[in-house]
Amino acid sequence: MSKIIDITDKLAFDENPVIKIRDVELEINTEAENMIKIMALTSETPGAKEIVEMCRLVFTEESVEKLKALQLKFNDYVDVVMTAIGVASGSYDESESGE
């Protein structure tokens, strides 16, 4: 019989990270399929269309609506989306946060 290695304890099935802007919490969708799609969109310099698509992929539907309600400036919107992608991919440096 082949060796079985159980990695269940290393996986976070139920936990999606959240980023906070003022009092608004935005849940990040970290499903692997979404992250692969985002990686394909970020292989080149993303334009406005790609940024909107990445936002739709990286946030839950509820969080996308909350983000729209914030009415951010374009550069801030891009910063939020790129930060969420960094958090989801594990490349975000927490020392860069505002806290």
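Now for a description of the structure that goes with this document. In this text the structure is predicted, and so the values were computed from the model without any measurement. Here, residues in each chain are numbered from 1, in the same order as that chain's written sequence. Per-residue local features are limited, in this predicted model, to residues with pLDDT of at least 70; the limit for side-chain atom pairs, both in listing and counting, is 80 or more; totals at the level of whole chains, interfaces and linings are taken over all residues. Excluding hydrogens and water, the side-chain figures rest on all heavy atoms present in the structure.

**A few points about the overall build of the protein**
The secondary structure listing takes helices from DSSP runs of H or I that are at least 4 residues long and strands from runs of E that are at least 2 residues long, numbered from the N terminus. The number of helices and strands found in the protein is four helices and two strands. Reading the secondary structure of the protein in the N-to-C direction produces β-β-α-α-α-α. By principal-axis analysis of the C-alpha atoms, the protein measures approximately 60 × 30 × 25 Å. In the protein, which comprises 99 residues, the share counted as buried stands at 26%. Contacts are assigned to residue pairs that have any heavy atoms within 4.5 Å of one another. Long-range pairs, those at least 24 residues apart, make up 54% of the contacts in the protein between residues at least 6 apart in sequence. If you sum the accessible surface of the protein, you get close to 7700 Å²; carbon and sulfur atoms cover 49% of it. When a residue's accessible area, from a 1.4 Å probe over protein chains only, is under 20% of the maximum for its type it is buried; when over 50% it is exposed; and in between it is partly exposed. What sets the accessible areas is the Shrake-Rupley method with a 1.4 Å probe; for residues, cover comes only from the shown protein chains.

**A word on the pairing of strand E2 (residues 24-27)**
Each pair of strands is called paired provided DSSP finds at least two bridges between the two strands. Of the strand pairs in this sheet, strand E1 (residues 18-21) and E2 are connected by four bridges, and their pairing is antiparallel. Looking at E2, one finds that Val18 is bridged to Glu27. The antiparallel pairing of E1 with E2 creates a hairpin that spans two residues between the two strands, and Arg22 there sits at a positive phi of about 55°.

**Quick notes on the nonpolar core**
Here, nonpolar core means buried Ala, Val, Leu, Ile, Met, Phe, Trp, Tyr and Cys residues that are tied together by side-chain atoms lying within 4.5 Å of each other. Of all hydrophobic cores here, the largest spans 21 residues; its most connected members are Val58 and Phe59. Residue assignment for this core shows that the elements contributing at least two residues are E1, helix H1 (32-41), helix H2 (48-58), helix H3 (61-70) and helix H4 (74-89). Counting residues per element, this core draws most heavily on H4, which supplies seven residues. Apart from residues lying up to four places away in sequence, Val58 is in contact with Glu27, Ile28, Asn29, Ile38, Val81, Ala84, Ile85 and Ala88.

**Digging into the side chain of Thr60**
Within the secondary structure, Thr60 sits in the loop between H2 and H3. Note on Thr60: relative accessible area 18%, which makes it buried.

**Some points on a nonpolar patch on the surface**
Judged by side-chain polarity, Ile5, Ile7, Leu11 and Phe13 come together as a nonpolar surface patch covering roughly 450 Å² of accessible area. Relative to the helices and strands, Leu11 resides in the segment before E1. A patch is a set of surface residues, each over 30% in relative accessible area and not in a salt bridge, joined within 9 Å for like charges and within 5 Å for the nonpolar side chains Val, Leu, Ile, Met, Phe, Trp and Tyr. A pair is scored as a salt bridge if a Lys or Arg side-chain nitrogen falls within 4 Å of a carboxyl oxygen belonging to Asp or Glu.

**Let's talk about the pattern of salt bridges**
With the rule as written, the count across this model stands at four salt bridges. Where Lys37 meets Glu33, a salt bridge forms, and the shortest distance between an N and an O atom there is 3.4 Å. Here Glu33 and Lys37 lie together in helix H1, a separation of four residues that amounts to about one turn. Owing to a relative accessible area of 40%, Lys37 belongs among the partly exposed residues under this scheme. Overall, Glu33 belongs to the exposed group, its relative accessible area being 54%.

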